[in-house]
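What the coordinates show
Single-letter residue listing:
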Amino acid sequence: MLRFLLVRIASAIPILFILSVVTFAIIQAPPGDYADYIRSQLINQGGASYAQAEAQAQLYRVEHGLDKPMVVQYVNWIGGIVTRGDFGYSMFYNKPVADVVGERLPRTLLLALVCHLLASVLGIGFGIWAATRQYSWIDSLLSGISFLGMTVPRFLMALIIVYLLVFQLNVSEIGSFFSPQYGGAPWSWAKFADLVHHVWPVVAIATFGGLAYNMRVMRGNLLDTLNAQYVETAKAKGLSGAAVVMRHAVPNALHPLVMYQGVVLPYMLTGEIETAIIFALPTVGPAIVGSMAVGDVYVTATFMMVSATLIVGNIIADMLLALLDPRVRQYGGA
């Protein structure tokens, strides 16, 4: 199993390297940088002339290495990560990029994992329910819910909920995790309830999409398994329907779904990011958009690289599948 894990990790390193190069090049492709943002701020808010602002901007480029070629900037950035664990300095937030990531990434991952857990449990349960009642009204209803979850854009659902909360229900506390009275307070059940009150739209929207995918995959897998010969044999031996489904069909139908979790985990993270941008929550999504808008390249590149490392979801899925099926370990080189 250790060899199996090491092979999977080693195969991910070249992918991450290629993603880092492509990500950095795409971020740097549009014209302009953070020095241009400084120049516009000096002109619009500081009352400086264009010549004065341009001189300050050029001085800033030289001081922070923004005047160097893109290749040199990339080598300096990736070299700092590999040798010192230094992700660069955020020009907009005026602090190390690692601090910016450390503030926002744990919240994002926690929300994404909660959504992933809910989507998996509910999706598998509804998938079993739909498959065991094929062509009934329950199956039709759940299939319709699955279709909506896979086709309706998450940002559109977020916009609709924001409209309902703000303009119809007069909710004013949008864009934060807590109400003002709970911001610095110690944890309590009241503070937890306040947190749920603020983040439930993000959790609901991201969970809905993942639930739909899990339910559709589980339903299809279970229907195929229920038609297998060993299931018919179990029925012929006199086992009850529930025992046949839960003891024989469901464990085998879960194998493809476990592999599918490597795709669902990044999907849940992007769902949380999209929704958090609409709700302006202080997580990864708004930080990516804000840093891109002002040309804070190291923040954007780091967040994109952190998102890319979620290919680890595929590694986790491989490990779970190897635990479930010894044939994967045998033919996977373990």
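Residues numbered from 1 in each chain as written. Predicted model: local features only at pLDDT ≥ 70, side-chain atom pairs only at ≥ 80, totals over all residues. Heavy atoms only, no water.

So, the overall build of the protein chain
Counting its secondary structure elements, the protein chain contains 14 helices and two strands. Counting every position in the protein chain, which comprises 334 residues, the buried fraction comes to 39%. Residue pairs at least 24 apart in sequence account for 74% of intrachain contacts in the protein chain once pairs closer than 6 positions are excluded. Carbon and sulfur atoms make up 68% of the accessible area of the protein chain, which totals about 17,900 Å². (Helix = DSSP H or I, 4+ residues; strand = E, 2+ residues; numbered from the N terminus. Buried < 20%, exposed > 50% of the residue type's maximum accessible area, 1.4 Å probe, protein only. Contact = heavy atoms within 4.5 Å. Areas by Shrake-Rupley, 256 points an atom, 1.4 Å probe, with all protein chains shown as cover.)

Re the environment of V284
The topology assignment puts V284 in helix α11 (residues 284-294). Placed 14 residues apart in sequence, V284 and T270 show a C-alpha to C-alpha distance of 9.9 Å. Setting aside its immediate chain neighbours within four residues, V284 contacts R104, L105, T108, I273 and F303.

Here's the deal with helix α5 (residues 97-131)
For α5, spanning 35 residues, the distance from its first C-alpha to its last is 48 Å, which sits close to the expected 51 Å at 1.5 Å a residue. Within α5, the axis deviates most sharply at R104, by approximately 30°, and proline P106 lies no more than four positions further along. (Expected span 1.5 Å × (residues − 1). Bend = angle between axes of the 7 residues up to and from the residue.)

Considering the side chain of S146
Its location among the elements puts S146 in helix α6 (residues 137-151). With sequence-adjacent residues up to four places away left out, S146 is seen in contact with A212, M215 and R216.

Side note on the nonpolar core
Counting 25 residues, the largest nonpolar core has F24, Y34, W77, M91, Y298 and F303 as its most contacted members. Secondary-structure elements contributing two or more residues to this core are α2 (34-44), α4 (70-84), α5, α10 (241-279), α11 and α12 (297-308). Ranked by residue count, the leading element in this core is α12, at six residues. In this view, M91 contacts Y34, Y60, H64, L66, G295, D296, V297 and Y298; residues no more than four positions away in its chain are not counted. (Core = buried A, V, L, I, M, F, W, Y, C linked by side-chain atoms within 4.5 Å.)

A look at unusual backbone geometry
Although it is not a glycine, N94 sits at a positive phi angle of roughly 60°. Inspection of the secondary structure assignment puts N94 in the loop between β1 (89-90) and β2 (95-96). Here A280, not a glycine, exhibits a phi torsion of approximately 55°, which is positive. Position of A280 among the secondary structure elements: in the loop between α10 and α11. Here A280 falls in the partly exposed class, since its relative accessible area comes to 45%.

Notes on α11
Taken as a whole, α11 has its buried residues at V284, G285, A287, I288, S291 and V294. Following α11 by one or two positions, G295 adopts a phi angle in the positive range, close to 80°.

Structural notes on a nonpolar patch on the surface
On the surface, a nonpolar cluster with roughly 680 Å² of combined accessible area is contributed by F155, L156, L159, I160, Y163, L164 and F167. In this fold, Y163 is placed in helix α7 (residues 154-168). (Patch = residues over 30% accessible without salt bridge, like charges linked within 9 Å, V, L, I, M, F, W, Y side chains within 5 Å. Salt bridge = Lys/Arg side-chain N within 4 Å of Asp/Glu carboxyl O.)

Quick word on the side chain of S291
Among the secondary structure elements, S291 is positioned in helix α11. Judged by relative accessible area, S291 falls into the buried class, the value being 0%. Of the polar contacts made by the side chain of S291, one reaches the backbone oxygen of I288; its length is 3.0 Å. Apart from residues no more than four positions distant in its own chain, S291 is found in contact with D296, V299 and T300. (Polar contact = N/O pair within 3.5 Å; in protein donor to acceptor, adjacent residues only side chain to side chain.)

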